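So the chains spell out like this:
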Amino acid sequence: MQVRRCGTLMIEPRERLEFDLSLLAAATLPGLRKVAEWNAYVPHAGTEVLLSEKEISAIGELSPSTWASFEELAQTRPADVLRSLLTKGVLVEEGTPADARDRALRDTNWRSTAAVMHFASRWKSSITEEIQQRFIEHYQADLLERLGPAPPIVRECVDKNDRVTLPRPDSTPLDKLLDSRVTCRNFDPHRTLKKSDFAAVLFRAYGARAVHDYAPDVQLLKKGVPSAGALHATEAYLLIRGVEGIFPGLYHYHPVDHALEPIREMTPDEVSRTARIFVGVQPYFVDAQVFVVPVSRFYRNFWKYGNHAKAYRALILDIGHLSQAMYLAATELGLAAFITAAVNEVDIEETFGLDPLEEGPMAVCGFGIRAGERNEIEFDPLHVVWKED
């Protein structure tokens, strides 16, 4: 059996407190002792595992690039330690599924730190309400008393009298549009979105306005938003609830053809259950007519910017550009929009059949028809959407 260390690995020293009855009996209050742990993030396996000191010692002697015989390694290292590292994914055996996943991570040109951060921050089946409740229970008393005052809204670098006052622009339709841009938490689940409005929002955010043959086998896209290298590595996967003429279900948007690629039809109840999972059971988003999942095609970006310190950051910027374009396109048509990063990425990947080493959701956006009544709080300080009582 040939083995080698996985290509990407991060080891984090941790410390936790553990109750020890012997300390309490010895009158060592409060009976707690500190326990040091070694936590390893293993991106190719999508997991994090605890390592022993013996395993930590062995890792430093294992090559991530050269295959070695397990039997020969076991002659100078404890075999049980090597087998444990195999089980935990830190060591991979040639020709196994673990080897294939490790190779896929290497071949996609992930930067190690970005891979660790991405895979360590994905959720599966998380419920935001439960997380919030645990947060409140942890602090128990008034949150502001515990957290203290919020940082100031602006970091002021000079005295007020030393500032250079700038002229405010004359109001334009763009200002009116920006004033009306509000994150919606009140959607009308009983109304159906016009197909033309749905298509317009999708095209203005994600649609390709031109395809440029930059070089042989290299095509770039012109969209309404910027993207690193004009690669536009982020595409739209959709969960559609209520659009006229379109069956509820899962779709992928083809930005060049401006067309939907059906993945799976669903019943309205299935759409609702799926939406709840996608957004971590944030109930105020579930009634939207359309859910847009911006999915990053990692190798599309890493092909040019492989192992680049800024490549993953550029993908995150894509999400911001696309979501703002969607907000403005929806607002112009009198529609409402939202974006949330509190999403269950693993569930989304499994639903759409995405390989997380190659494609991954970064957020969930949505748009649709605003409800006639405000039952959930919305941040609308200008009272443009909801007029003052």
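Parameters and conventions
- Residues numbered from 1 in each chain as written.
- Predicted model: local features only at pLDDT ≥ 70, side-chain atom pairs only at ≥ 80, totals over all residues.
- Heavy atoms only, no water.
- Helix = DSSP H or I, 4+ residues; strand = E, 2+ residues; numbered from the N terminus.
- Buried < 20%, exposed > 50% of the residue type's maximum accessible area, 1.4 Å probe, protein only.
- Contact = heavy atoms within 4.5 Å.
- Lys, Arg positive; Asp, Glu negative; His and termini not counted.
- Charge placed at Lys NZ, Arg CZ, Asp CG, Glu CD.
- Axes fitted to C-alpha atoms, helices over the stretch in contact; angles between N-to-C directions.
- Parallel < 35°, antiparallel > 145°, perpendicular 65-115°, else oblique.
- Left-handed = near helix turned anticlockwise from the far one by under 90°.
- Nonpolar A, V, L, I, M, F, W, Y, C, P; charged D, E, K, R; others polar.
- Pairing = 2+ DSSP bridges.
- Patch = residues over 30% accessible without salt bridge, like charges linked within 9 Å, V, L, I, M, F, W, Y side chains within 5 Å.
- Areas by Shrake-Rupley, 256 points an atom, 1.4 Å probe, with all protein chains shown as cover.
- Salt bridge = Lys/Arg side-chain N within 4 Å of Asp/Glu carboxyl O.
- Phe/Tyr/Trp six-rings, centres within 6.5 Å; stacked < 30°, edge-to-face > 60°.
- Core = buried A, V, L, I, M, F, W, Y, C linked by side-chain atoms within 4.5 Å.
- 1 Å grid on protein atoms, 1.4 Å probe; cavity = no way out; pocket = protein on both sides within 12 Å on 5 of 7 lines; lining within 4 Å.
- Points joined across faces, edges and corners; volume = space filled by probe spheres on them.

Asker: Help me understand the overall build of the protein in this model?
Answerer: Secondary structure assignment for the protein yields 14 helices and 15 strands. For the protein, the spread of C-alpha atoms along the three principal axes comes to 75 × 65 × 55 Å. Burial analysis of the protein (389 residues in total) assigns 42% to the buried set. Across the protein, the fraction of contacts at a sequence separation of at least 24, relative to all contacts at a separation of at least 6, is 71%. Side-chain charges of the protein comprise 44 positive and 55 negative groups, with the mean position of each set lying 3 Å from the other.

Asker: Sorry if this is basic, but what is going on with the packing of helix H12 (residues 298–305) against helix H13 (residues 311–332) here?
Answerer: When two helices pack together, their arrangement is captured by the angle between the axes and the distance separating the axes. With their axes 10 Å apart at the nearest point, H12 and H13 run at an angle of 135° to one another. With respect to H13, the element H12 is oriented oblique. Note that H12 runs across H13; the crossing there is right-handed. Contact with H12, carried on its side by Phe 298, Asn 301, Phe 302 and Tyr 305, involves Ala 311, Tyr 312, Ala 314 and Leu 315 of H13 and no other residues of that element. Its residues assigned to classes, the contact of H12 with H13 shows 7 nonpolar, 1 polar and no charged.

Asker: Just to check I follow, could you spell out the pairing of strand S13 (residues 336–340) for this structure?
Answerer: On a regular strand, one side chain projects to one face of the sheet and the next to the other, so that they alternate. Burial analysis of S13 places 4 of its 5 residues in the buried class, which makes it a mostly covered element. Taken together, the 5 bridges between S13 and strand S15 (residues 364–368) define a ladder with antiparallel strand orientation. Opposite Thr 340, over in S15, you have Val 364 as the bridge partner.

Asker: How should a nonpolar patch on the surface be read in this particular structure?
Answerer: On the surface, Leu 17, Phe 19 and Leu 32 cluster together into a nonpolar patch covering about 310 Å² of accessible area. Since its relative accessible area comes to 38%, Leu 32 is described here as partly exposed.

Asker: How do you make sense of the packing of aromatic side chains when you look at a structure like this?
Answerer: Counting across every chain of the model gives 12 aromatic pairs. Ring centres of Trp 110 and Phe 119 lie 5.6 Å apart, and the angle between their planes is 55°; this geometry places the pair in the tilted category. Residues Trp 110 and Phe 119 agree in their burial class; the two are buried. Ring geometry for Trp 110 versus Tyr 312: centroids 6.0 Å apart, planes at 40°, classification tilted. Of the two residues, Trp 110 sits in the loop between helix H5 (97–107) and helix H6 (112–120) while Tyr 312 sits in helix H13, which places them 202 residues apart along the sequence. The same class applies to Trp 110 and to Tyr 312, which are both buried.

Asker: Would you mind going over the sheet that holds strand S3 (residues 32–42) with me for this structure?
Answerer: The strands making up a sheet are joined through hydrogen bonds of the backbone, oriented either antiparallel or parallel. Taken together, 3 strands build an open sheet; the order of strands is S2-S3-S4 and the sheet is antiparallel. Only two strands of the sheet have a single partner each, and these edge strands are strand S2 (10–19) and strand S4 (47–51). Between one strand and the next, the sheet's axes are offset by a mean angle of 35°, whatever the strand orientation. The pairing of S3 with S4 spans 5 bridges and is antiparallel. Its bridge partner being in S4, Trp 38 is matched across the sheet by Leu 51.

Asker: Please clarify how the nonpolar core should be interpreted in this entry.
Answerer: If you look at the biggest cluster of nonpolar residues, it comprises 51 residues, and the most contacted ones within it are Phe 198, Leu 238, Val 292, Met 326, Phe 338, Val 364 and Phe 367. Core analysis: the second largest hydrophobic core is formed by 17 residues, Ala 58, Phe 70, Leu 82 and Leu 85 among them.

Asker: Help me out: how do you make sense of the pairing of S3 in this one?
Answerer: Sheet analysis places S2 next to S3, joined by 10 bridges and oriented antiparallel. Within S3, the position partnered with Glu 18 by the bridge is Arg 33. Count of turn residues in the S3/S4 antiparallel hairpin: 4 residues, of which Gly 46 carries a positive phi of about 65°.

Asker: Explain H5 here, please?
Answerer: The α-helix advances 3.6 residues per turn, and as a result positions three or four apart in sequence lie on the same side. Among all positions in H5, only Asp 99, Asp 102, Ala 104 and Leu 105 are buried. Following H5 by one or two positions, Asn 109 has its phi on the positive side, about 65°.

Asker: I would appreciate a short explanation of the layout of surface pockets in the present structure.
Answerer: Rolled over the atoms, a probe sized like a water molecule indicates the empty space that remains. In this model, the largest pocket occupies a volume close to 240 Å³. Forming the boundary of the largest pocket are 14 residues, of which Leu 221, Glu 235, Val 256, Arg 297 and Arg 300 lie nearest the centre. Those elements that place two or more of their residues in the lining of the largest pocket are strand S8 (218–222) and strand S10 (249–254). By residue number, the principal contributor to the lining of the largest pocket is S8, which donates 3 residues. Looking at the lining of the largest pocket residue by residue, the classes come out as 6 nonpolar, 4 polar and 4 charged.

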